[in-house]
Amino acid sequence: MSEGSRTVGRMSTAPLETVDLPLPVVGSLSPSRAGDFMTCPLLFRYRTIDRLPQAPSSAAVRGTLVHAVLERLFDLPAVERTPESAAELLAPEWAKLAAAEPEVSALFTDETELAQWLTSAKALLDGYFTLEDPRRLDPAERESFVEVVLPGGLRLRGIVDRLDVAPSGDVRVVDYKTGRSPGEAFEGKALFQMKFYALVLWRTRGVVPRRLQLMYLGDREILAYSPDEDDLLATERKLLALWEAIERATQARDFRPRVSKLCDWCDHQAFCPEKGGTLLPWPDVVPAPDEAEARHLEAMQRAAAVD
Ligand code: SF4
C-alpha cells in the first residue's frame, strides 16, 4: 500500500479487489510551523490561525536571495560553479525577487544601502565556498517539495534545499542557513528540522538518509548528523504529540505566550500580553486544519522559485 493511502475492500460478487483511497488529512505541519509552536504557542496562533501579516526583514530576504543563487549555481556546468559566478547571479536573482515581491524593495532607502546589503549577501556566498566545492557535486534534487500523510492523518511537508544521492544510494539532506551556527545546547533544536525531512523521506522512499547537513554560511560551520530509524520514530512520535497539543489548544482557544530571546524578532509584540500588548480576540474564521499550512507552503514555494 502506498504512503498516504488506505486500502478498502469492495463488496461484490466478483473476487475481492482493493482500491487505494486518500487518507483523510486531519492537520498539516511543516518544520517551521512545528518550530513556531515549540517556540511559542501564541506565535503559532498569530501566524497560522489569525494569519497576521509579517513584515519582510532584510535578513530574511537576504536568506531567500542566497538560497536562490545557490540553487541557480547548480544550473551551471560544474566547472563554472565558482565564487565569481555566484556573485554574478546576485543581481539578476535580486531583480527576480524584487519583481515577484515589490514590497521587499522598500527595505532599502537608497542604492547605497541596497549595494551594502548585496555585499553582505556576497559574503555569505563566499562563506559557502569555504565549506564545499560545488564543482565536485551533482545534486539529485534542489528545492524539493516533500510530503507524507502519517497513518493518523497528519500531513508533514516541507521544502528540502538539496538532496545528494551517492552511487551507493546513500542520501544526504542539505540545508543552507544564512545565520550563525547554534551553540551546543541548541543543536538538537536545529537538527529537528532535518530529522523532520529525514522522516518524510524515509516514509515516502523507504531510505533513511545517511547524513543530515546544516551549512551555516554566517560563521562558515557545518552541523551534521547521521540518523537511524529509532531517531526518526522518535521524531514521528514528537510530531504526533505536538499536533495533539495544537488540537487541544485550538479547541480551548488557548495558545499561551512563551517568552524567549526570540521575542526580540517577533512581529506580534503589540498583541502579546507578555510584552504589555493586548491579546487579539479569537478570529471569526479559523482555517481548516490543512489550509493554513498549505498557504504557508505556497508562499515558501513562491519564494523558492522566483522566476
Ligand atoms: S513576543 Fe514572544 S511571547 Fe509574545 S507572541 Fe511573540 S514570541 Fe510569543
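Residues numbered from 1 in each chain as written. Predicted model: local features only at pLDDT ≥ 70, side-chain atom pairs only at ≥ 80, totals over all residues.

Trainee: I tried to follow the overall build of the chain on my own but got confused; where do I start?
Mentor: Scanning the chain for helices and strands turns up 8 helices and 8 strands. Taking all 307 residues of the chain together, 29% fall into the buried category. (Helix = DSSP H or I, 4+ residues; strand = E, 2+ residues; numbered from the N terminus. Buried ≥ 20, exposed ≤ 12 C-beta atoms within 10 Å, placed from the backbone.)

Trainee: Got a minute to help me understand the environment of valine 174 in this structure?
Mentor: Residue position: valine 174 is located in strand S6 (residues 171–177). With 20 residues separating them in the primary sequence, valine 174 and methionine 194 have C-alpha atoms 8.4 Å apart.

Trainee: How should the site of the ligand be read in this particular structure?
Mentor: Near the ligand, the surroundings consist of 14 residues, among which Cys40, Pro257, Cys263, Cys266 and Cys272 are the closest. By residue class, the composition of the shell around the ligand is 9 nonpolar, 2 polar and 3 charged. (Near = placed C-beta within 6 Å. Nonpolar A, V, L, I, M, F, W, Y, C, P; charged D, E, K, R; others polar.)

Trainee: Help me out: how do you make sense of the nonpolar core in this one?
Mentor: Val66, Val69, Leu156, Val173, Tyr197 and Ala198 are the most contacted members of the largest nonpolar core, which totals 52 residues. Excluding residues that lie within four positions of it along the chain, tyrosine 197 makes contacts with Val146, Gly158, Val160 and Val173. (Core = buried A, V, L, I, M, F, W, Y, C linked by C-beta atoms within 7 Å. Contact = placed C-beta atoms within 7 Å.)

Trainee: Looking at this structure, how should I read the pairing of strand S4 (residues 141–149)?
Mentor: Here is the key point about a regular strand: its side chains alternate between the two faces of the sheet. Where S4 and strand S5 (residues 154–165) come together, 8 bridges link them in antiparallel fashion. Looking across to S5, one finds that serine 144 is bridged to valine 160. From the end of S4 to the start of S5, which pair antiparallel, there are 4 residues, and glycine 153 there has a positive phi angle of about 105°. (Pairing = 2+ DSSP bridges.)

Trainee: Where do I start with unusual backbone geometry in this structure?
Mentor: Positioned with a positive phi, arginine 51 is a non-glycine residue whose angle comes to about 55°. Position of arginine 51 among the secondary structure elements: in the loop between helix H2 (41–49) and helix H3 (58–73). The exposure class of arginine 51 is partly exposed, given the 15 C-beta atoms found within 10 Å. For arginine 253, which is not a glycine, the phi torsion comes out positive at approximately 50°.

Trainee: Help me understand the confidence of the model for the chain in this model?
Mentor: The predicted structure's coordinates, where accompanied by low pLDDT, should not be read in detail. Summary statistics for the chain give a mean pLDDT of 89 and a share of 86% for residues scoring 70 or more. Averaged pLDDT values for the elements of the chain fall to 41 in strand S1 (residues 5–9) and rise to 98 in strand S7 (residues 211–216). Across residues 1–12, where pLDDT falls below 50, the model places 25 contacts with residues more than four positions away in sequence or in other chains. Note that residues 301–307 has pLDDT below 50 and, in this model, 13 contacts with residues that lie over four places away or in other chains. (pLDDT = per-residue confidence, 0-100.)

Trainee: How should the packing of helix H1 (residues 31–39) against H2 be read in this particular structure?
Mentor: Packed helix pairs are specified by the crossing angle of their axes together with the interaxial distance, meaning the distance between the axes. The contact between H1 and H2 brings their axes to 5 Å, and the two run at 140°. By the angle between their directions, the pair H1 and H2 is classed as oblique. Between H1 and H2, the contacting residues are Arg33, Asp36, Phe37 and Thr39 on the first element and Pro41, Leu43, Phe44, Arg47 and Thr48 on the second. Its residues assigned to classes, the contact of H1 with H2 shows 4 nonpolar, 2 polar and 3 charged. (Axes fitted to C-alpha atoms, helices over the stretch in contact; angles between N-to-C directions. Parallel < 35°, antiparallel > 145°, perpendicular 65-115°, else oblique.)

Trainee: Help me out: how do you make sense of helix H6 (residues 187–205) in this one?
Mentor: A turn of α-helix holds 3.6 residues, and therefore any two residues three or four places apart point the same way. End to end, H6 covers 26 Å across 19 residues, agreeing with the expected 27 Å (1.5 Å per residue, within 8%). The largest bend along H6 reaches roughly 30° and is located at glutamine 193. Here H6 has its buried residues at Leu191, Gln193, Met194, Lys195, Phe196, Tyr197, Ala198, Leu199, Val200, Leu201 and Trp202. (Expected span 1.5 Å × (residues − 1). Bend = angle between axes of the 7 residues up to and from the residue.)

Trainee: Even after reading the chapter, I still don't get helix H5 (residues 111–131), so can you show me in this structure?
Mentor: Over its 21 residues, H5 extends 31 Å from the first C-alpha to the last, a length consistent with the 30 Å expected when each residue adds 1.5 Å. What H5 keeps buried is the set Ala121, Leu124, Leu125 and Tyr128. End-on view of H5: buried residues confined to an arc of 100°, all on one side of the axis. Exposed residues lying more than 90 degrees from the buried face of H5 are Thr112, Ala115, Gln116, Thr119, Ala123 and Thr130. Turning to H5, the residues buried within the fold contact H3, helix H4 (83–100) and S7. (Arc of directions from axis to C-beta.)

Trainee: Please clarify how the pairing of S7 should be interpreted in this entry.
Mentor: Burial within S7 is extensive, with 5 of its 6 residues counted as buried. Where S6 lies against S7, 6 bridges are found, and the strand directions are parallel. Its bridge partner lying in S7, valine 174 is registered against glutamine 213. With H6 bridging S6 and its parallel neighbour S7, the resulting β-α-β unit is right-handed. (Right-handed = clockwise from strand over helix to strand, strands pointing away.)

Trainee: Please explain the packing of H3 against H5 as it appears in this structure.
Mentor: Where H3 contacts H5, the two axes come as close as 10 Å, and the packing angle between them is 50°. The angle between the axes of H3 and H5 places the two elements in the oblique class. Where H3 crosses over H5, the two elements pack in a sense that is right-handed. Facing Ser58, Arg62, Leu65, Val66, Val69 and Leu70 of H3, the residues of H5 in contact are Trp117, Ser120, Ala121, Leu124, Leu125 and Tyr128. (Left-handed = near helix turned anticlockwise from the far one by under 90°.)

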